[in-house]
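Below are the chains, spelled out letter by letter.
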Amino acid sequence: MLKLLWRIAPSLFILLIFLGVSAPILAAEPIEAELIRGFKGKIELDTRDSKPDWTPFIPKKAPEGAPNILFILYDDTGQAAWSPYGGRVSMPTLDSLAADGLTYTQWHTTSLCAPTRSTLQTGRNHHLNSFGSITETASGYPGYSGRLPEQVTTIAEVLQDNGYATLWVGKDHNVPEQDVAPGAYRGEWPLNKGWDRFYGFLGGETSQWYPDLVKDNDFIDQPYMPEDGYHLSKDLADQAIEMLRNKNASNPSKPFYMWFNPGANHAPHQAPKEWIAKYKGKFDDGYDAYRTRVTKRMKEKGVIPENTVNTAINPMPKDLANHLDDVRPWDSLNDQEKQLFNRMAEVWAAYSSYTDHQIGRIIDYLKETGQYENTIILYAADNGTSGEGSPNGSVNENKLFNGWPDTLEENMKYLDKLGSPDTYNHFPTGWAAAFSAPYKMFKRYSEYEGGTADPLIISWPKGIKTRGELRHQYHHSVDIVPTLLEVVGLEMPEFNHGVKQYPMSGVSMAYTFDAEPDAPTRKKVQYYEMFGTRGIWKDGWHAAAIHAPINGTGNFDEDEWELYNLEEDRSQSNNLADKYPDKLKELKDAWMEEARANNVLPLDDRVAVEILGTPRPSDEPSRDSYIYYPDTKPVPEGVAANVRGRSYKILANVEITDKTEGVIFAHGSRFGGHSLFIKDSKLYYVYNFLGIEPEQVFESDVTIKPGKYTVGMEFEKTGKGEHGESLGKTKLYIDDKVVASGKMRTQPGKFTLSGDGLCIGYDSGDAVSSLYTSPARFAGGTIQAVGVTVKGEPYVNLEAEAKRMMKRQ
């Protein structure tokens, strides 16, 4: 009987609870009372009359029915590139969104990457965000520090605090250069700015084949290699879908805000070869003819008025122009130049289309999971097309940044490799002007539409009833945050973290969703400034100061101002300054008023060489000796040992076995770098000079037997070459014995624009030498430490460094 009761007791226990039968052994209250009595005399504790309150700990929920938000932001793309606007670059995903939503014809940006992105985070003008230019040119003035001030709150933080999942995938470029390092301050990183998740790259650009990746708060290796099908655009789409799946698995009722920022269309222009093949011959008519053709198509689509003039391809007065931004007329090119320039355009177009295809996978996922209808999707670009490839373009931009001449003969060798891992290319200024047609100039020129007029398409099936229509209201990137907040039903806080916030600079565009295409805009005024260029739009009129960016001339009071009626002259072709002097004075006065209110002053058009000389705070003092340890994250070049233009030594304490292979030290990539490694029981040092073959290889004349050694190399600088390269002699050592020696030259400028940092025990990303394949991890032995010592003042080719810095926008 006892056994039977023992077996059925659990069932009886559950049944009694179900029936509500109380018994001393089942009642919680008497037990609680006993526990309380047990603490009498020690702690005054009596919870019988209190109830738990979780309210302070429960995150806020998003407003009822709040939409998901997917914001897709390309880089460096003017209006005349993409198919919805009449361009020749096929964008099927964007076409479908345009058919489902609205195409904006007068949406503008700051004319530069990081400043525009700051406005899209805060809804404030870029100088109020302290992003008067890019982080690499920070000068310390209130509008130019390159760090978001405490008086601005990001929309991500507002949404995160109100029940949204905030997910950032792709490019950042709002993190100061010195903070892009494994041990650096992370206060400006995404996860400290309101974002739950981040996957992408922090700098201004990265290789599409071997990217410099960060996941959340940590640097990571790419998940697989190009030979296995890797491309950054594909990886970013994979990660975006994975983030959405994970969010839906655990928190399906939580809306999301995803900011998807591909590397496209920023340099390096890289795409799979089968996508490049789709554009073969599509640009053979050249960039002059393209401008004419696309202007006509834009009129046919209603993007620009019928009376819009296709402006001159070199509109700046010769005495004021920056000649690195000049366009060579198409009919002045020889046949080989035309062939090379056309292929560069084909690669860029493929890069854009391939990325659009990957974005299509994200849209398909939203449709498959029933989220598409209530997702507001914005698809845009951050500034006009990039003219930073110089009049001749480049197959390996790193040559340009090192002041090394790029010859047509050398470039033609890479014609069939353009866009592949073997090249780091950027097309010439002619294509920048073509893809920014019919407007004047391109990226960086804030006074002209070519720098600021950008594509924007908004789709939201549940919230926007009209389909496939144009919207001609004048708006700006500062207007996006107010628009999204109105749509969601939230407001930017007046105070945040105890600090009174700047009012938002923008106005909501939500009224355009149901407005007539030509309804009046609710925006009243928008100023522009970038690197000393100036402009202002007010009530349909636009004033522009004729000034080239970063030209060092100053004399802003002597700038000639132009006046345009954009309601009648979209491409700024008819200067009305002489006809309406009072209107021009009104706009010039308005610009100064806006400048004072938004921390624009002082104006700075110094050449990049001078900007680079600006003292900036650093976490680490300069030194001549560095110690590195194995298997740490890559050390970015900006904070790594600087061997440029100097004598230097690299020494490593290692223990070798008869199975030891791999990299001891590596810094850079196939486009420039150096590496110390063991292969086939021999010690090697390779200096890859700007990717120019043959590599400078030093191979030990003896094999290394098992044991403990100090191995390394020494470069003794003896002179300087024609283009600033250091000349000297290199010795390879095993202990104190020289096992190889010979002449060597080293680069005057940096190894890379971004990524491919200094590594110990492996080579990250793109291998420095063709003698091994990354990561070539050191195996079968032990690295104790690696020391790098430098002597002499570092040679700084400021002109080359300036070019490098400006290309990272």
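Small disclaimer: the values here were computed from a predicted structure and weren't measured.

**Some thoughts on the overall build of the protein**
Working step 1: The number of helices and strands found in the protein is 17 helices and 27 strands.
Working step 2: A globule of 809 residues ought to have a C-alpha radius of gyration of about 28 Å, and the protein, at 30 Å, matches this closely.
Working step 3: Across the 809 residues of the protein, 60% fall into the buried class.
Working step 4: Long-range pairs, those at least 24 residues apart, make up 75% of the contacts in the protein with a sequence separation of at least 6.
Working step 5: For the protein, the exposed area adds up to about 32,700 Å²; of that, 52% sits on carbon and sulfur atoms.

**Some thoughts on the pattern of salt bridges**
Working step 1: Tallying each qualifying case throughout the model produces 36 salt bridges.
Working step 2: Residue Asp 75 pairs with Lys 171 through a salt bridge whose shortest N-O separation is 2.5 Å. Here Asp 75 is found in the loop between β1 (68-74) and α3 (92-100), whereas its partner Lys 171 is found in strand β3 (residues 165-171), with 96 residues between them in sequence. In this structure, Asp 75 and Lys 171 share a single accessibility class: buried.
Working step 3: The shortest N-O distance in the salt bridge between Asp 179 and Arg 147 comes to 2.8 Å. Separated by 32 residues along the polypeptide, Asp 179 in the loop between β3 and β4 (197-201) and Arg 147 in the loop between α4 (113-122) and α5 (155-160) bring together distant segments of the chain.
Working step 4: One salt-bridge network, held together by shared partners, links Asp 76, Asp 325, Glu 388, Lys 443 and Arg 444.

**Topic: helix α14 (residues 480-488)**
One turn of the α-helix equals 3.6 residues, which is why residues spaced by three or four share an orientation.
Working step 1: Extensive coverage of α14 is indicated by the burial of 8 of its 9 residues.
Working step 2: Turning to α14, its buried residues are Ile 480, Val 481, Pro 482, Thr 483, Leu 484, Leu 485, Val 487 and Val 488.
Working step 3: At the exit of α14 stands Gly 489, carrying a positive phi of roughly 95°.

**With respect to unusual backbone geometry**
Working step 1: With an omega of 0°, the peptide bond between Ala 267 and Pro 268 qualifies as cis.
Working step 2: On the secondary structure map, Pro 268 appears in the loop between β7 (256-261) and α7 (273-277).
Working step 3: With an omega of -5°, the peptide bond between Ala 437 and Pro 438 qualifies as cis.
Working step 4: Here Pro 438 is to be found in the loop between α12 (429-434) and α13 (449-452).
Working step 5: Even without being a glycine, Met 441 presents a positive backbone phi close to 60°.
Working step 6: We note that Arg 444 has phi near 90°; this positive angle belongs to a residue other than glycine.

**Re the pairing of strand β18 (residues 625-628)**
Working step 1: Along β18, the buried face is formed by Tyr 626 and Tyr 628; none of Ser 625 and Ile 627, which line the opposite face, is buried.
Working step 2: As paired strands, β18 and strand β27 (residues 779-791) are joined by 4 bridges and run antiparallel to one another. In the sheet register, Tyr 628 faces β27, and the bridge partner there is Val 786.

**Observations regarding the confidence of the model for the protein**
Working step 1: Across the protein, pLDDT averages 91, with 91% of residues at or above 70.
Working step 2: Contacts of residues 8-41 to residues separated by more than four positions or lying in other chains number 10 contacts, the stretch itself having pLDDT below 50.

**Considering the sheet that holds strand β14 (residues 525-530)**
Working step 1: Read from one edge of the open sheet, 4 strands run β14-β15-β16-β17, paired in antiparallel fashion. A strand with exactly one partner marks an edge of an open sheet, and here the two such strands are β14 and β17 (561-565). Between one strand and the next, the sheet's axes are offset by a mean angle of 15°, whatever the strand orientation.
Working step 2: With 5 bridges connecting them, strand β15 (residues 533-538) and strand β16 (residues 541-545) associate as antiparallel partners. Bridged to Arg 534 within β16 is Ala 545.
Working step 3: Relative to β15, helix α15 (residues 581-597) is tilted by about 110°, and along the sheet it contacts β14, β15, β16 and β17.

**A closer look at the packing of aromatic side chains**
Working step 1: Within this structure, the stated rule accounts for 37 aromatic pairs.
Working step 2: Between Phe 283 and Trp 431, the ring centres sit 5.5 Å apart and the planes meet at 80°, which makes this aromatic pair edge-to-face. Placement of Phe 283 in the loop between α7 and α8 (286-300) and of Trp 431 in helix α12 is noted, with a sequence separation of 148 residues between them. Both residues of the pair, Phe 283 and Trp 431, belong to the buried class.
Working step 3: Taken together, a centroid distance of 5.3 Å and an interplanar angle of 50° make the contact between Trp 348 and Phe 427 tilted. Of this pair, Trp 348 sits in helix α9 (residues 335-368) while Phe 427 sits in the loop between α11 (408-412) and α12, and the two are 79 residues apart along the sequence.
Working step 4: Judged by relative accessible area, which is 0%, Trp 348 ranks as buried.

Cut-off values and rules
- Residue numbering note: each chain is counted from 1, following its sequence as written.
- Since the coordinates come from a predicted model, pLDDT governs what is reported: local features require at least 70, and pairs of side-chain atoms require 80 or more to be given and counted, while whole-chain, interface and lining totals use all residues.
- Think of the side-chain values as coming from all heavy atoms in the structure, minus any hydrogens and water.
- Each helix corresponds to a stretch of at least 4 residues labelled H or I by DSSP, and each strand to a stretch of at least 2 residues labelled E; elements are numbered beginning at the N terminus.
- The atom set for the radius of gyration is the C-alpha atoms, and the globule formula is 2.2 Å times the number of residues raised to the power 0.38.
- Think of it in three bands: with a 1.4 Å probe and only protein chains considered, a residue is buried below 20% of the maximum accessible area for its type, exposed above 50%, and partly exposed in between.
- Contacts are residue-level and defined by heavy atoms, with any inter-residue pair within 4.5 Å sufficient.
- For accessible areas, the Shrake-Rupley method is used with a probe of radius 1.4 Å. Any residue's cover is judged against the shown protein chains and nothing else.
- Definition used for salt bridges: Asp or Glu carboxyl oxygen within 4 Å of a side-chain nitrogen of Lys or Arg.
- Two strands pair if DSSP finds at least two bridges between them.
- Confidence of the prediction at every residue is given by pLDDT, a number between 0 and 100.
- Only the stretch in contact is used when a helix axis is fitted, and all axes are lines through C-alpha atoms; the angle between N-to-C directions ranges over 0 to 180 degrees.
- Working definition: rings of Phe, Tyr and Trp (its six-membered ring) pair if their centres are within 6.5 Å, and the pair is stacked with planes under 30 degrees apart, edge-to-face with planes over 60 apart, and tilted otherwise.

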